[in-house]
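This is what each chain is made of:
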Amino acid sequence: MTTAPGRKRDAARTRAELLTVATEAFAESGYSGTGVDEIARRTKMTKRGIYYYFGSKKDLYVAVLEAAYRGIREAEQSVHVGDLPPREALRRIAERTYDHHLDHSSFIRLVAIENIHRGEFIQGIDGLRELNQNALGVLDDILSRGQADGSFRREVDALDVHIVISAYCFFQVANRHTFGFLFGRDMLDPNLRDHHRSMIGDVVAAWLESRD
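Bear in mind the structure is a predicted one, so any value in this text is a computation, not a measurement. (Residues numbered from 1 in each chain as written. Predicted model: local features only at pLDDT ≥ 70, side-chain atom pairs only at ≥ 80, totals over all residues. Heavy atoms only, no water.)

## Here's the deal with the overall build of the chain
Turning to step 1, where the next piece is worked out: Along its length, the chain carries ten helices and zero strands.
Turning to step 2, where the next piece is worked out: Along the chain direction, N to C, the helices and strands of the chain fall in the order α-α-α-α-α-α-α-α-α-α.
Turning to step 3, where the next piece is worked out: Referenced to the eigenvectors of the C-alpha coordinate spread, the extents of the chain come out at roughly 65 × 50 × 30 Å.
Turning to step 4, where the next piece is worked out: Burial analysis of the chain (212 residues in total) assigns 40% to the buried set.
Turning to step 5, where the next piece is worked out: Within the chain, residue pairs in contact and separated by at least 24 positions form 70% of the contacts whose partners lie at least 6 positions apart.
Turning to step 6, where the next piece is worked out: Accessible surface, the chain: about 12300 Å² in total, of which carbon and sulfur atoms supply 50%.
Turning to step 7, where the next piece is worked out: Taken as two groups, the 29 positive and 31 negative side-chain charges of the chain have centres that lie 7 Å from each other. (Helix = DSSP H or I, 4+ residues; strand = E, 2+ residues; numbered from the N terminus. Buried < 20%, exposed > 50% of the residue type's maximum accessible area, 1.4 Å probe, protein only. Contact = heavy atoms within 4.5 Å. Areas by Shrake-Rupley, 256 points an atom, 1.4 Å probe, with all protein chains shown as cover. Lys, Arg positive; Asp, Glu negative; His and termini not counted. Charge placed at Lys NZ, Arg CZ, Asp CG, Glu CD.)

What follows is the structure, given as structure tokens:
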């Protein structure tokens, strides 16, 4: 017996809606502080209905983590860099990463929460390390082109670049409230977005410039 296409679409839509709501709930209160009852209340579903789609609270949380990481990797890979000069290609990826972090602040909170749990849940997500290796592969190709034409320094690898970009973008959201209180600048002020976006592009481009 086959499932009708309409029912498949409804199931996919319901599952996606559950993920969206659960993402916000877990990002707000963490894994331990979020109950399935709260997610059920927000989605107007029964706990039984949620368990039908995800099996358990842990399975739902793991699905939220996976979707969050896939989202940032897909955003990075949506930048078509094959025909761009190496410096411009890396600038585009850095700026796209910056935009994604600001537009998906729940991702930052989820990463922080998962680090509190010492990466306990992320280790059970099959294929996530491969997905991240693919992202490094894009950076590695760009670096190789820049090093081959002499525009990039040679002692830097793709993971180095990823660390610099991720650290800058993560900081903007993770430290917004403390930094804002201490220095009187809202890191997410829309009027500063273009300025902060161009900063990470400038940092990466200048850092990678060949010293020969």
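## Details of the pattern of salt bridges
Turning to step 1, where the next piece is worked out: Under the defined criterion, the tally for this structure stands at 17 salt bridges.
Turning to step 2, where the next piece is worked out: Residue R41 pairs with E38 through a salt bridge whose shortest N-O separation is 2.8 Å. Of this pair, R41 and E38 are both found in helix α2 (residues 36-43), three residues apart, which corresponds to roughly one turn of the helix.
Turning to step 3, where the next piece is worked out: For D194, the salt bridge goes to R197, with nearest N and O atoms at 2.7 Å. In this pair, D194 and R197 both sit in helix α10 (residues 193-208), three residues apart, roughly one turn of the helix.
Turning to step 4, where the next piece is worked out: Overall, D194 belongs to the exposed group, its relative accessible area being 54%.
Turning to step 5, where the next piece is worked out: Where salt bridges share partners, they join D99, D103, R193, D194 and R197 into one cluster. (Salt bridge = Lys/Arg side-chain N within 4 Å of Asp/Glu carboxyl O.)

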